[in-house]
Every structure is written in C-alpha cells, then in structure tokens.
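Residue-level structure breakdown
So you can see what is in the structure, the chains are spelled out below.
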Amino acid sequence: MSEGSTRRSVQRIAVLGAGGTLGRLVCGLLHEELPDAQIISASRSATNAAGLEQRYLDINDPASFETALADVQVLIHAAGPYHHDPAPLVSACLKYGTHYIDLAEDLNFISEVKAAARSVPAPQGVAVPGCSTVPALVELLSSTLTGAGAQRLKVYLNLGSHNPVSGGLFFGLLRPLGRPLNASSAHGRNAFRRLGFHRHHDGVVRSYGPYPSPFEETIGLAD
C-alpha cells in the first residue's frame, strides 16, 4: 500500500489522553501528517481538548469502549503512566476493527499488550505497543546494526525534556528503580543496582545505570 493510499484510508483517529502534554503533541503531529483525518479526544473527562470531538472512554470501564471506538480506525493511547491492565482495551480495539498504538516504555505493560493481542480470536486490527521515542529509536538502531553483524549494543540515555514536569512523568521514570531488568532476570540484575560513568565528546562525565529495555526479542542490550 502506498503512503498516499494509507493517508486516505485513515479517516478517524482517537487519542486517549489528548488533553495531556503528550496527547497535545500527538494531536499536533497528526494534524500535520494527516490533515484530512478527524482527530477525536477520548477520555473520561468532559473537558474538550483543543476543540476536538469528545468521546467518553474510561480505561477502567469496558462498557465505554464500544461507543468510543465506533468508526475509529486508530486509537493512540497517550494517557500515561502505563500502570493498568491493557488487555480489556486492546481486546476491544482488535474486536471492533480499531488499530491500537501506545507510547509506553514499560516492559511489563508492553508484554501485556502483546499477550492480549495474541489472545484475540480473528482480530480485526493490529496492536503496536512501545512507540515512545526512546524505545523506537533504540529498536531502529539495534535492527540496523543487527544486519551489520553487531552482537551487543550499549546505549547511553541522558533524560531531559522541555515539556512540563508532571506526576505521571516522575512515576514512569522512578517505577523501574530497583526492579528486575527483565522477566528472566535471575541473578539480582536490577535497574540502577550499580552505576557506571561515561565521558562524552564534550568532556562532560555523566553517570548511568542499567535500565529495563522493552525489546527482549531483538539484539542484546548491554547492562
């Protein structure tokens, strides 16, 4: 399918969390990339987000899903932090023919989305979890280097943002601290259990620690 036909086929996109900082950025990008698409704000709040059509959708109220997803081709879940059971919403999307996308970075949440998608018989859509900037860039880099014969990849991330600091942002950053790096971690390898130091090209030395990667099925990430 060509890029042009893909653009024409997407008519209605619902953004869960459209009123938040991340949701507003997503809506802005959608308006730029898909100017003909109708953007819908899906939330449990009655507050209208930037003049968008408002539909009631509460992730804790499965009874709200069918009406909210009616005639929606894509749902973008931008309402972090991703600390809830995604299975009911994912299942509803794939049942009603709505493609599901989220911006999560949490390994457990991403795994739960994948498991929920696999459990839906005859799905009418696809689920694409973990589309946040950092995981997406790391995945792209690792996939590219895998083809070049790389065996391990060490990634240094120095977090920063010009966006307003929120409770959800702090929750997402602090939740992995001290937790196992992945589900198969059996040797006390926990997030930030130890710190290392790296000197950058500008001469600045920064400290780093092992952090969970959401991509267990691709190239190994050094910890």
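Everything below is about the structure shown above.
Heads up: these notes are all about the structure in this document.

About the cut-offs
Residues numbered from 1 in each chain as written. Predicted model: local features only at pLDDT ≥ 70, side-chain atom pairs only at ≥ 80, totals over all residues. Heavy atoms only, no water. Helix = DSSP H or I, 4+ residues; strand = E, 2+ residues; numbered from the N terminus. Buried < 20%, exposed > 50% of the residue type's maximum accessible area, 1.4 Å probe, protein only. Pairing = 2+ DSSP bridges. Right-handed = clockwise from strand over helix to strand, strands pointing away.

1. A look at the environment of Phe170
Checked against the element boundaries, Phe170 lands in helix α7 (residues 167-174). Relative accessible area serves as the criterion here: at 49%, Phe170 is assigned to the partly exposed category. C-alpha separation for the pair Phe170 and Pro81, spaced 89 residues apart in sequence, amounts to 9.1 Å.

2. Thoughts on the environment of Leu173
Considering the arrangement of structural elements, one finds Leu173 in helix α7. Judged by relative accessible area, Leu173 falls into the partly exposed class, the value being 31%. The spatial distance from the C-alpha of Leu173 to the C-alpha of Pro81 is 9.5 Å, given a sequence separation of 92 residues.

3. Here's the deal with the pairing of strand β2 (residues 38-43)
Of all six residues that make up β2, five are buried, and the element is covered over most of its length. Of the pairings in the sheet, the one linking strand β1 (residues 12-16) to β2 comprises five bridges and is parallel in character. Directly across from Ala14, in β2, lies its bridge partner Ile40. Read as a crossover between parallel neighbours, the route from β1 over helix α2 (residues 21-33) to β2 is right-handed. Note: β2 against strand β3 (residues 53-56), four bridges, orientation parallel. Looking across to β3, one finds that Ser43 is bridged to Tyr56.

4. Things to note about the pairing of β1
Burial of β1 is extensive: four of the five residues sit out of reach of the surface. Alignment of β1 against strand β4 (residues 74-77), held across four bridges, turns out to be parallel. Residue Leu16 lies in a different strand from β4, and its bridge partner there is His77.

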